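Here are the chains, one letter per residue:
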Amino acid sequence: MVKKGVPDWLNSSLWSSSNPSSESDDRVNNNNNHRHSSSPKSTAYYSTEPSSPPPPIQPPIPEPPPRITVQKVESPENDTSSSSSSVISAEEISRQSQLLQELSRKIVNIRELQKLASQGIPDGAGIRPTVWKLLLGYLPTDRGLWMSELVKKRSQYKHFTDELLLNPSEVTRRMEKSASGNDGEGTGMLPRAEITQDEHPLSLGKTSVWNQFFQDTEIIEQIDRDVMRTHPDMHFFSGDSSFAKANQEALRRILIIFAKLNPGIRYVQGMNEVLAPLYYVFKNDPDEENAANAEADTFFCFVELLSGFRDNFCQQLDNSVVGIRSTIGKLSQLLKEHDEELWRHLEVTTKVNPQFYAFRWITLLLTQEFNFADSVHIWDTLLSDPEGPQETLLRVCCAMLVLIRRRLIAGDFTSNLKLLQHYPSTNISHLLYVADKLRVRSAGRLS
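Residues numbered from 1 in each chain as written. Predicted model: local features only at pLDDT ≥ 70, side-chain atom pairs only at ≥ 80, totals over all residues. Heavy atoms only, no water.

You'll find the chain entered in an unreviewed UniProt entry as Rab-GAP TBC domain-containing protein, with Papaver atlanticum given as the organism.

See the structure below:
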């Protein structure tokens, strides 16, 4: 029987309640399942564990290539649970084997890798760090170039830390040390005549290292505050242990260097949340050398990732055709294309402006809407899109709206805004499945 008032495409068996998560829009979460406040700085997470679909039957699984060792990657240390089953399904074993085979080739077929990774990278293989680096273009497809490329990039990052994290006093000290035959030798002070205008702490010159230092101080203080708030429920990022503090320092250095190298953007609040999944994944690389160099690798992958989203962080471009408001407008149009009834109820009837919820969804790449493990699985799909992560991100956001459409249709402004700012727990595999169906449907309309 066709459901009254529902778009024809939603009457497909795809939306049947037999799927374990399609009923998530009918169940009100009464377990105080609020992961965050409406502020983008919140980082508290609470979630329940939805069930997973039964594993499909697969043909016999080929043996993984012998040259890559399969190791288990440490799972997130937060108290939340992932929607993924702890039992590895036959489908995951098959995909893991295919990914290992692809990674063992002399020349990696990036299209095939994207296709496999978009379905999810199995957690137990320890290959997510390598796959993400390939998907982000940090590693070349030629395996023979991996070592030389890593050595070059890591050396470059070391140069950045040496040059960009210096206190002006250290700059002055180095200049004093390099000076020869001056009257201040042995006193620890430069002779007054040798202290140039740019070296004076009270200088307001644009090239003054002290003036630049004081300008950077405000940004660095904001970075420090945000880093301290990054995933407070995870021992990896939070706590008094030397391990957590070392990880916080790594995030801090990356963000400071990024801000100094990108004066047009500098640091925007929330970048720490986008950085965290990259650093976590790379720091948990089973390869000890890669794990030891996770900070350098994370920096360059962070730059690559933000290159596709940098306009969303640039306030001067907010109202342009490439700014965040334009991106939110694309999400609104996508919802209207796939479910005009829901679009009209949200934006016309209840007047829920998509900026009230989608701004955080888009700028923080959904890291605040789901628990950490689920966010990582969503990123497998985002990073695998040949068109770039933003198009997939918008489809996932649209799918999030579609999956709770009945509650939204029944709600008013207040209840809908609360629901969208505190998105209910859902099955991530099904969410990504629905997002992919939206892509297929859009492609079908264009053809």
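> Tell me about the nonpolar core, residues and numbers included.
Counting 99 residues, the largest nonpolar core has Trp132 and Phe302 as the members making the most contacts within it. Split by domain, the residues of this core number at least three in each of domain 1 (91-167 + 204-313) and domain 2 (316-444). Not counting chain neighbours up to four residues away, the residues in contact with Trp132 comprise Ile121, Pro277, Leu278, Val281, Phe282, Val376, Trp379, Asp380 and Leu383. (Core = buried A, V, L, I, M, F, W, Y, C linked by side-chain atoms within 4.5 Å. Buried < 20%, exposed > 50% of the residue type's maximum accessible area, 1.4 Å probe, protein only. Domains from an automatic or database assignment. Contact = heavy atoms within 4.5 Å.)

> Can you tell me about the packing of aromatic side chains, naming the residues and giving the values?
By the definition in use, this model includes 18 aromatic pairs. A centroid spacing of 5.9 Å and a plane angle of 65° characterise the contact between Phe160 and Phe299, whose relative ring orientation is edge-to-face. Remark: Phe299 occurs in helix α10 (residues 294-307) and Phe160 occurs in helix α4 (residues 146-164); sequence separation between them is 139 residues. Phe299 matches Phe160 in its accessibility class, with the two residues each being buried. Put simply, the rings of Phe236, Phe237, Phe243, Tyr279, Tyr280 and Phe372 pair up and form one aromatic cluster. Above the plane of the ring of Trp146 lies Arg143, whose end atom (NZ or CZ) is 5.0 Å from the centre. (Phe/Tyr/Trp six-rings, centres within 6.5 Å; stacked < 30°, edge-to-face > 60°. Helix = DSSP H or I, 4+ residues; strand = E, 2+ residues; numbered from the N terminus. Lys NZ or Arg CZ within 6 Å of the ring centre and 35° of its normal.)

> How would you summarise helix α12 (residues 324-338) if you had to cite specific residues and measurements?
With 15 residues, α12 should reach 21 Å at 1.5 Å per residue; the first-to-last C-alpha distance of 21 Å fits that figure. Those residues of α12 lying buried are Ile324, Thr327, Ile328, Leu331, Ser332, Leu334, Leu335 and His338. Across the axial projection of α12, the buried residues extend over an arc of 160°, all falling on one side. (Expected span 1.5 Å × (residues − 1). Arc of directions from axis to C-beta.)

> Break down unusual backbone geometry for me, citing the residues and quoting the values.
Backbone geometry places His231, a non-glycine residue, at a positive phi of 45°. With respect to the element layout, His231 can be found in the loop between α6 (209-228) and α7 (242-261). Look at His231 and you get buried, because its relative accessible area is 1%. For Lys351, which is not a glycine, the phi torsion comes out positive at approximately 55°. Among the structural elements, Lys351 can be located in the loop between α13 (340-349) and α14 (355-363). Using a relative accessible area of 58% as the deciding quantity, one classes Lys351 as exposed.

> Hey, could you go over the state of the cysteines for me, with residue numbers and the actual values?
With the rule as written, the count across this model stands at zero disulfides. Take Cys398: it sits in no disulfide, and the sulfur closest to it among the cysteines is that of Cys397, at 8.7 Å. (Disulfide = S-S within 2.5 Å.)

> Can you tell me about the packing of helix α8 (residues 271-283) against α10, naming the residues and giving the values?
Relative to each other, α8 and α10 sit at 135°, their axes nearing to 9 Å. Judged on the interaxial angle alone, α10 and α8 are oblique. Judged by the twist between their axes, the crossing of α8 over α10 is right-handed. Between α8 and α10, the residues in contact are Met271, Val274, Leu275, Leu278, Tyr279, Phe282 and Lys283 and Ala294, Glu295, Asp297, Thr298, Cys301, Phe302, Leu305 and Leu306, respectively. Taken together, the residues of the contact of α8 with α10 break down into eleven nonpolar, one polar and three charged. (Axes fitted to C-alpha atoms, helices over the stretch in contact; angles between N-to-C directions. Parallel < 35°, antiparallel > 145°, perpendicular 65-115°, else oblique. Left-handed = near helix turned anticlockwise from the far one by under 90°. Nonpolar A, V, L, I, M, F, W, Y, C, P; charged D, E, K, R; others polar.)

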